[in-house]
Amino acid sequence: MTEKCDVYSFGVLVLELFIGHHPADLLSSMDNRNKTILLGNLLDTRLPLPEAEIASEIFQVCAVAVRCIEPDPSHRPTMQQVIKVFSTAERSPANNLDYLHTAIVIPACSS
């Protein structure tokens, strides 16, 4: 086991929590092109959509989780980098973006 394997597992777990099931479809959709998915389309449909302030926090967490499942392990962040993003995000002021309709870029597999 390596640190990059651990961060991958973290990303899968986080996405599973927000999607409501294992993100196998998301993982298998990765090909040679970057894809995007709207946060609102990523979230578990059995739950009501979150309010704007919560959606911005969920967006930040999901965006980091997607970076953690980068197909090329050398492009994944370390857990220290993930923690740093989360601790920095706590201090960031909220803005007026509609995070439910903001795209998250899903990394492409390298060939």
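This is a predicted model, so every value here is computed, not measured. (Residues numbered from 1 in each chain as written. Predicted model: local features only at pLDDT ≥ 70, side-chain atom pairs only at ≥ 80, totals over all residues. Heavy atoms only, no water.)

## Remarks on the overall build of the protein
- Looking only at helices and strands, the protein features five helices and two strands.
- Ordering the α and β elements of the protein from the N terminus gives α-α-β-α-α-α-β.
- Taking all 111 residues of the protein together, 35% fall into the buried category.
- Considering only contacts within the protein whose residues lie at least 6 apart along the sequence, 76% involve residues at least 24 apart.
- For the protein, the exposed surface amounts to about 7,000 Å²; the carbon and sulfur share of it is 57%. (Helix = DSSP H or I, 4+ residues; strand = E, 2+ residues; numbered from the N terminus. Buried < 20%, exposed > 50% of the residue type's maximum accessible area, 1.4 Å probe, protein only. Contact = heavy atoms within 4.5 Å. Areas by Shrake-Rupley, 256 points an atom, 1.4 Å probe, with all protein chains shown as cover.)

## Examining the nonpolar core
- Membership of the largest hydrophobic core comes to 20 residues, with the highest contact counts inside it found for Leu-15, Leu-26, Leu-39, Leu-42, Cys-62, Ile-69 and Ile-104.
- Top element by residues in this core is helix H4 (residues 52–68). It accounts for six residues. (Core = buried A, V, L, I, M, F, W, Y, C linked by side-chain atoms within 4.5 Å.)

## Digging into the packing of aromatic side chains
- Applying the stated criterion to the full structure yields one aromatic pair.
- Taking 5.1 Å as the distance between ring centres and 45 degrees as the angle between the ring planes, the aromatic pair formed by Phe-59 and Tyr-99 counts as tilted. Here Phe-59, found in helix H4, pairs with Tyr-99, found in the loop between helix H5 (79–91) and strand S2 (103–106); they are 40 residues apart in sequence, far enough to count as distant.
- Given a relative accessible area of 14%, Phe-59 falls into the buried group.
- With relative accessibility at 10%, the residue Tyr-99 sits in the buried group. (Phe/Tyr/Trp six-rings, centres within 6.5 Å; stacked < 30°, edge-to-face > 60°.)

## As for H4
- Taking 1.5 Å of rise per residue, the 17 residues of H4 would be expected to cover 24 Å, and the 24 Å separating its terminal C-alpha atoms lies within 8% of that figure.
- Those residues of H4 that sit buried are Ala-55, Ser-56, Ile-58, Phe-59, Cys-62, Val-64, Ala-65, Val-66 and Cys-68. (Expected span 1.5 Å × (residues − 1).)

## Quick notes on the environment of Arg-46
- Within the fold, Arg-46 resides in the loop between helix H3 (39–42) and H4.
- Arg-46 sits in the exposed class, given a relative accessible area of 64%.
- Residues Arg-46 and Gly-20, 26 residues apart in the sequence, show an inter-C-alpha distance of 8.2 Å.
- Within the structure, the side chain of Arg-46 is placed 3.2 Å from the backbone oxygen of Gly-20, a separation counted as a polar contact.
- Within the structure, the side chain of Arg-46 is placed 2.7 Å from the side chain of Asp-44, a separation counted as a polar contact. (Polar contact = N/O pair within 3.5 Å; in protein donor to acceptor, adjacent residues only side chain to side chain.)

## Topic: the pattern of salt bridges
- On inspection of all chains with the given rule, the structure shows one salt bridge.
- Note that Asp-44 and Arg-46 form a salt bridge whose closest N and O atoms lie 2.7 Å from each other.
- Note on Asp-44: relative accessible area 11%, which makes it buried. (Salt bridge = Lys/Arg side-chain N within 4 Å of Asp/Glu carboxyl O.)

## Regarding the pairing of S2
- Because side chains alternate across S2, one face comprises the buried residues Ile-104 and Ile-106, and the other comprises Ala-103 and Val-105, none of which is buried.
- Pairing geometry for strand S1 (residues 35–38) and S2, over four bridges, is antiparallel. Following the sheet pairing, Lys-35 is matched in S2 by Ile-106. (Pairing = 2+ DSSP bridges.)

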